[in-house]
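# Descriptive structure summary
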Amino acid sequence: MMNILVIGSGGREHALAWQCAKDDTVKNVYIAPGNAGTALEPKCQNVILNDTDGEHSGVIEFCQANAIDMVIVGPEAPLVSGIVDACRDAGIKAWGPTAYCAQLEGSKTFAKEFMAQNNIPTAAYQGFTDAAAAKAYIDEQGAPIVIKADGLAAGKGVIVAETIEQAYEAIDDMLAGNKFGDAGSRVVIEQFLQGEEASFICMIDGDNILPMATSQDHKRAYEGDTGPNTGGMGAYSPAPVVTQAVHDKVMAKVIQPVVDAMKAAGHPYTGFLYAGLMIDKSGDPYVIEFNCRFGDPETQPILMRLQSSMVDLVAQGLAGQLPSAAKWDARPALGIVIASKGYPESSSKGDVIAGLPKLDTDNANLVKVFHAGTAFSDAEVQDQNANHQKEVVTNGGRVLCVTALADSISDAQQAALAVTGAISFDGAQYRRDIGHHAIARENSRS
Ligand code: AMP
Ligand code: GLY
């Protein structure tokens with residue numbers, strides 16, 4: 001029987017832990033640090049690991065003391081700081097890219113140079129540290145234009161400027177105002193790409209590529225894809241924009257070149273690789289960004305559809321024996337994020353969450369509420385059957401992701417909305433239009 005450690009605290013990690021716990025060969029799933037949802041999952045247990053020394057020694061000691069068979073790393077920060085390298089050095093199996101490979105997400109400049117060297121299609125760009133030079137470039141290029149903080153900024157360090165004035169403002173915020181701290185001390189200015197976005201996520205074992213089901217997320221805070229960029233307000237799988245022809249192009253022009261180039265550089269890519277794509281009118285993909293991990297919230301609908309064992313896939317990945325395809329439920333899945341007051345500018349903690357479906361009554365194969373920024377308060381509450389339960393409160397920006405599997409994307413949206421509407425907390429915000437691109441396609445077909 002296996003013991004698994006999942007690193008992270010978001011909806012992605014709840015979904016990964018839930019999938020791992022379903023496996024009969026798994027005894028314990030530990031989540032560090034996890035959230036209220038992972039704490040409530042059968043076989044799952046949250047753990048707090050001291051991992052602030054940069055050496056990841058808290059993780060390594062925990063793995064050694066608890067006979068951990070595999071570590072699955074959710075978020076980018078520990079990957080960028082070398083958690084996989086540290087585990088490997090200690091003889092622990094950890095699924096993710098090394099720090100070298102994680103630079104594809106950790107540094108936009110690294111990613112851009114890598115793409116240029118390997119002829120991977122992406123927007124034209126230039127990097128700046130000086131505000132005046134950045135503004136002169138903006139004048140030359142005109143608007144719309146895209147301004148990005150160079151380092152990690154949790155998906156929020158990107159401004160799509162519609163006008164020159166907005167572009168100037170973004171430069172002032174990032175380079176002069178220091179809005180994103182060190183992540184913004186250098187900016188990348190990019191050509192604005194037109195088309196439809198899709199998330200293309202794969203598992204890679206250094207050589208072999210196993211594409212996950214395709215997906216699309218909604219990065220803007222408000223309905224109609226307006227408002228500021230967020231970490232993602234909802235997602236669905238599959239993404240109809242990724243036809244077989246587009247899929248083939250992405251594999252040939254984007255994913256395979258990454259695998260080949262990393263291998264040639266002596267740093268084989270292992271772990272999840274996420275290409276955020278813009279698909280233009282002729283079905284040609286351009287890379288908007290690489291992430292060195294699974295997407296959040298894409299993981300939630302994708303894993304609702306996964307019929308293969310996640311644990312088997314990771315074990316095969318760690319052994320360099322990934323299959324070329326996994327088994328998926330043919331039905332689509334769609335997840336709606338409920339965010340806390342103020343998100344994405346700020347977030348609210350400690351607001352009591354009401355209306356969460358009980359785990360045992362929750363038909364978890366059709367609708368599943370994945371937790372992200374949730375925690376237990378000190379209080380206990382009584383449910384309708386007079387059972388005592390710990391009270392669940394908000395603990396971050398993205399709080400929950402209500403995910404449904406159904407016969408069509410619009411049915412999945414309705415099913416997710418029905419459960420979302422029953423959940424409430426002070427300042428809860430969510431979008432009612434997740435999946436609108438795909439639903440428009442469904443409607444135009446019928
Ligand atoms: P990123 O964090 O780089 O994925 O950017 C966040 C979001 O900003 C993307 O999902 C796109 O919606 C948008 N975006 C980023 N770069 C571009 C670009 N070059 N052209 C158009 N939209 C972009
Ligand atoms: N959903 C976008 C991301 O995971 O970066």
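Okay, so let's go over this structure. (Residues numbered from 1 in each chain as written. Chains lettered and ligands numbered in written order. Predicted model: local features only at pLDDT ≥ 70, side-chain atom pairs only at ≥ 80, totals over all residues. Heavy atoms only, no water.)

## Section: the site of ligand 2
- Around ligand 2 sit D217, K219, G231, Y274, N291, R293, G295, D296, P297 and E298, and those are all the residues in its vicinity.
- R293 places a side-chain nitrogen or oxygen 2.8 Å from an oxygen atom of ligand 2.
- When ligand 2 sits alone it has 190 Å² of accessible area, and the protein chains cover 93% of it.
- Considered class by class, the residues forming the shell around ligand 2 number two nonpolar, three polar and five charged. (Near = heavy atom within 4 Å. Polar contact = N/O pair within 3.5 Å; in protein donor to acceptor, adjacent residues only side chain to side chain. Areas by Shrake-Rupley, 256 points an atom, 1.4 Å probe, with all protein chains shown as cover. Nonpolar A, V, L, I, M, F, W, Y, C, P; charged D, E, K, R; others polar.)

## Looking at the pairing of strand β7 (residues 145-149)
- Across the five residues of β7, five count as buried, placing the element largely inside the fold.
- Residues I145, I147 and A149 point to one face of β7 and V146 and K148 to the other, with burial holding for every one of them.
- Inspection of the sheet shows β7 paired to strand β8 (residues 158-161) by four bridges, in the antiparallel sense. Looking across to β8, one finds that I145 is bridged to A161. (Buried < 20%, exposed > 50% of the residue type's maximum accessible area, 1.4 Å probe, protein only. Helix = DSSP H or I, 4+ residues; strand = E, 2+ residues; numbered from the N terminus. Pairing = 2+ DSSP bridges.)

## A look at the packing of helix α6 (residues 99-106) against helix α7 (residues 108-117)
- Two elements in contact, α6 and α7, have axes separated by 6 Å at closest approach and are oriented at 100°. In terms of orientation, α6 lies roughly perpendicular with respect to α7. Only K108, F110, A111 and F114 of α7 make contact with α6, whose side of the interface consists of Y100, Q103, L104 and G106.
- Across the contact of α6 with α7, the residue classes break down as five nonpolar, two polar and one charged. (Axes fitted to C-alpha atoms, helices over the stretch in contact; angles between N-to-C directions. Parallel < 35°, antiparallel > 145°, perpendicular 65-115°, else oblique. Contact = heavy atoms within 4.5 Å.)

## Regarding the sheet that holds strand β23 (residues 398-405)
- Taking strand neighbours across the sheet as the criterion, the five strands line up as β12-β15-β18-β23-β20 in an open arrangement whose pairing is antiparallel. For this open sheet the edge positions go to β12 (216-217) and β20 (367-371), each flanked by a neighbour on one side alone.
- Of the strand pairs in this sheet, strand β15 (residues 234-237) and strand β18 (residues 333-339) are connected by four bridges, and their pairing is antiparallel. Directly across from G234, in β18, lies its bridge partner I336.

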